[in-house]
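So the chains spell out like this:
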Amino acid sequence: MCGIVGYVGPRDCTDVLISALAKLEYRGYDSAGIAVFENGKIEVAKSKGRLSDLVEKMEKEGKPQGHAGIGHTRWATHGEPSDINSHPHSGRRVTIVHNGIIENYKQIKQFLIDNERTEFLSDTDTEVVAQLLDFYYNGDPIRAIRRTLHEVRGSFALGIVFADRPETIYAVRRESPLIVGQGKGEAFIASDVPAILKYTKDYYLLEHNEIVILKNGSASFCTMHGRVIDKELKTADWDEDSAEKGGYPHFMIKEIHEQPTAVKMTVTPRIEDGLPDLSECGITPETLKDINNVFIVACGTAMHAGMVGKYVIEKLARVSVTVDIASEFRYRNPLIGKGDLVIIISQSGETADSKAVLRLVKETEAKTLAIVNVKGSSIAREADMVIYTHAGPEIAVASTKAYMVQLAVMYLFAFELAYAKGRIDEAKCRDLTDQLIKMPAIIEKTVNSVVDDCQYISTKLISTSSLLYIGRGLDYALSMEGSLKLKEISYIHSESYAAGELKHGTISLITEGMPVIAVATQNTLLEKTISNIEEVKARGAMTVVICDEEADIGEEAADYLIRIPKIAEMLMPMVATVPMQLLAYYTSVNKGNDVDRPRNLAKSVTVE
Ligand code: M6R
């Protein structure tokens, strides 16, 4: 998704904007641009392609020199990626960068045309906003912003400069994220905290419809009506290093290695005297007792974490759990109400469909619980209760450590719910919690023990155009994530199937050498899964089996066996995930793909 930055201070503004935008590359983008006040005039430089293309262009054509400006990385929605459609966009006296979508831009454009404003250069919704701001601008920036905000519908964060207000930046947001950094004698705006960490850890959160003004190195805030607002300065607990690769070739592999720490950080503060304690997140045994049904709603990987949660919650707490894709749930008029708990899982906390579901549920009597990684994100702020996962910034588009900590929270929640409802006794709850506390060391051991196998097996996958992941029960839930991970970064078509479903159609796809990866960690279902493996093997499939180190599977049962540590069956997903992530990672590396930024994907999907 698009990224916004802005800077006012003594440094070379262009350098700051480019370095801050580089920290937002993980969001995905197809063009970039900046606008800088140079000797009191706004100078714009923009280009289709990567930031390096923009830098190259500026080297040839001249780099704007100044101390105040705005910058943008664009992920095309309205209009193809091109130099013209890149931000910033300008009206006569106003230049803006924009993240989000203006839903009624066509009507606004018509309104402007009807009022003799016809000078549109691009296909973007953003340019329409620049023109509208300009239309309302009579020398009072706050008035122009207010009048514009009254007209526009949609989600947006805007960085704005007015030609006759040199060295000053205005910004405003509705729905789309925007933070305001405060350094010594310098101030920033950015779509996300990592963009400013090189310069400062201190930042403010901008709320809906609040306006920030950056001037003389500091930030001041006001409402749309110009009323001054005092805001609390926050300090980021992520340092710049944790947003960097730390010696690994890609963020994804770094983040796979960070999983033990992420789980530890997430689980440890939620344990009190050997039992789960989510009271700090607003969840008490009393609130849990009243829950009749649980709905888990999310997108992509986060939804897959919910699938594992369903098995665990239903098994332990005997509470019915429905898992839904957010983009489906919001349009199917769901039956929810008093006594229901809707859990929204989201790494970014800004995913448009998940956010929409939260708002829809908030209009009912159901309670909402957010499981979110990014602090202060919209979903986290708007839910009734929030459990933050503490994975730190996840930069690779392919989610790994965020999924792992989402699983950890699913377990914590299931244990506490089952105990509160009297479905498990204290001893059982203690035992399960103790096993969860031990997971970081086991995950670390697993990464080290399977890395070579995965690297080797991935060389056998790179030439296939299609493969299957299969599993039963919890292994099926897991295989969904394994399959998504592999396809999103290796570009190999991959599907996950419940192993028992193969005979009902899918087995006809099996041809000589087609890879089938079976996840077989659930010993109670092992024999049945082994039969399915034999069936596909007999039809020529190249088989890979992920099973525990004691599983009764002979070496001859599959072409490749990946043995992982044996722990309680219910917790196996946290271990079995690791080889699936590594298989995806090395397949992508071996194919020479852009591992951290797969094509057509964005880290944070803030549009529908
Ligand atoms: O930020 P969210 O967790 O809400 O994002 C949801 C999905 O877009 C995300 O998990 C996506 O599927 C990942 N690229 C998967 O690796």
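Residues numbered from 1 in each chain as written. Predicted model: local features only at pLDDT ≥ 70, side-chain atom pairs only at ≥ 80, totals over all residues. Heavy atoms only, no water.

Another point: the overall build of the chain. Counting secondary structure elements, the chain contains 18 helices and 27 strands. Against the compact-globule benchmark of 25 Å for 608 residues, the chain has a radius of gyration of 26 Å, which places it among compact chains. The principal-axis extents of the C-alpha atoms in the chain amount to approximately 75 × 55 × 45 Å. Taking all 608 residues of the chain together, 62% fall into the buried category. The contacts of the chain with a sequence gap of at least 6 include a subset with a gap of at least 24, amounting to 71%. Each charge class in the chain can be summarised by its mean position, and for the 68 positive and 84 negative side chains these summaries are 3 Å apart. (Helix = DSSP H or I, 4+ residues; strand = E, 2+ residues; numbered from the N terminus. Rg over C-alpha atoms; globule rule 2.2 N^0.38 Å. Buried < 20%, exposed > 50% of the residue type's maximum accessible area, 1.4 Å probe, protein only. Contact = heavy atoms within 4.5 Å. Lys, Arg positive; Asp, Glu negative; His and termini not counted. Charge placed at Lys NZ, Arg CZ, Asp CG, Glu CD.)

In the structure shown here, the tally under the stated rule is one cavity of 30 Å³ or more. Computed from the structure, the largest cavity encloses a volume of approximately 110 Å³. Around the largest cavity, the lining comprises 16 residues; the ones closest to its centre are Cys2, Trp75, Thr77, His98 and Gly100. Secondary-structure elements contributing two or more residues to the lining of the largest cavity are strand S6 (94–102) and helix H4 (125–136). Broken down by class, the residue content of the lining of the largest cavity amounts to five nonpolar, nine polar and two charged. (1 Å grid on protein atoms, 1.4 Å probe; cavity = no way out; pocket = protein on both sides within 12 Å on 5 of 7 lines; lining within 4 Å. Points joined across faces, edges and corners; volume = space filled by probe spheres on them. Nonpolar A, V, L, I, M, F, W, Y, C, P; charged D, E, K, R; others polar.)

The next subject is the site of the ligand. Surveying the vicinity of the ligand reveals 14 residues, the closest of which are Ser346, Gln347, Ser348, Thr351 and Glu488. Contact between the ligand and Lys485: an oxygen atom at 2.9 Å from a side-chain N or O atom of the residue. Between Glu488 and the ligand, the recorded distance is 2.4 Å, taken from a side-chain N or O atom to an oxygen atom. For the ligand, whose accessible area on its own is 410 Å², the fraction buried by protein is 90%. Taken together, the elements giving at least two residues each to the shell around the ligand come down to helix H9 (300–317) and helix H16 (474–490). Grouping the amino acids of the shell around the ligand by side-chain chemistry returns five nonpolar, seven polar and two charged. If you count residues domain by domain, the shell around the ligand takes at least three from each of domain 2 (250–437) and domain 3 (448–591). (Near = heavy atom within 4 Å. Polar contact = N/O pair within 3.5 Å; in protein donor to acceptor, adjacent residues only side chain to side chain. Areas by Shrake-Rupley, 256 points an atom, 1.4 Å probe, with all protein chains shown as cover. Domains from an automatic or database assignment.)

Relative to each other, H16 and helix H18 (residues 572–590) sit at 20 degrees, their axes nearing to 8 Å. In this view, H16 runs roughly parallel relative to H18, as classed from their interaxial angle. In this structure, H16 crosses over H18, and the sense of that crossing is right-handed. Touching Leu474, Leu478, Ser479, Gly482, Lys485, Leu486, Ile489 and Ser490 of H16 are Pro573, Ala576, Thr577, Met580, Gln581, Leu583, Ala584, Tyr585, Thr587 and Ser588, all from H18. (Axes fitted to C-alpha atoms, helices over the stretch in contact; angles between N-to-C directions. Parallel < 35°, antiparallel > 145°, perpendicular 65-115°, else oblique. Left-handed = near helix turned anticlockwise from the far one by under 90°.)

The strand order across the open sheet formed by eight strands is S3-S2-S4-S1-S10-S9-S11-S15, and the pairing between neighbours is antiparallel. The outermost strands of the open sheet, each flanked by one partner alone, are strand S3 (41–48) and strand S15 (234–235). Bridge analysis of strand S9 (residues 179–182) against strand S11 (residues 202–205) gives three bridges, and the strand direction is antiparallel. Within S11, the position partnered with Gly181 by the bridge is Tyr203. (Pairing = 2+ DSSP bridges.)

Pairing of S11 with S15 involves two bridges; the strand directions are antiparallel. Residue Tyr203 lies in a different strand from S15, and its bridge partner there is Lys234.

Attention now goes to the domain arrangement of the chain. Domain annotation of the chain identifies domain 1 (3–242), domain 2 (250–437) and domain 3 (448–591). Placing a centre on the C-alpha atoms of domain 1 and another on those of domain 2 gives a separation of 34 Å. The partner domain 2 presents 14 residues to the twelve residues of domain 1 that form the contact. Inspection of the region where domain 1 meets domain 2 yields one salt bridge. Notably, a salt bridge pairs Arg381 with Glu207, separated by 2.6 Å at the nearest N-O pair. Connecting domain 1 to domain 2 are one residue pair in polar contact (both at pLDDT 80 or more). (Salt bridge = Lys/Arg side-chain N within 4 Å of Asp/Glu carboxyl O.)

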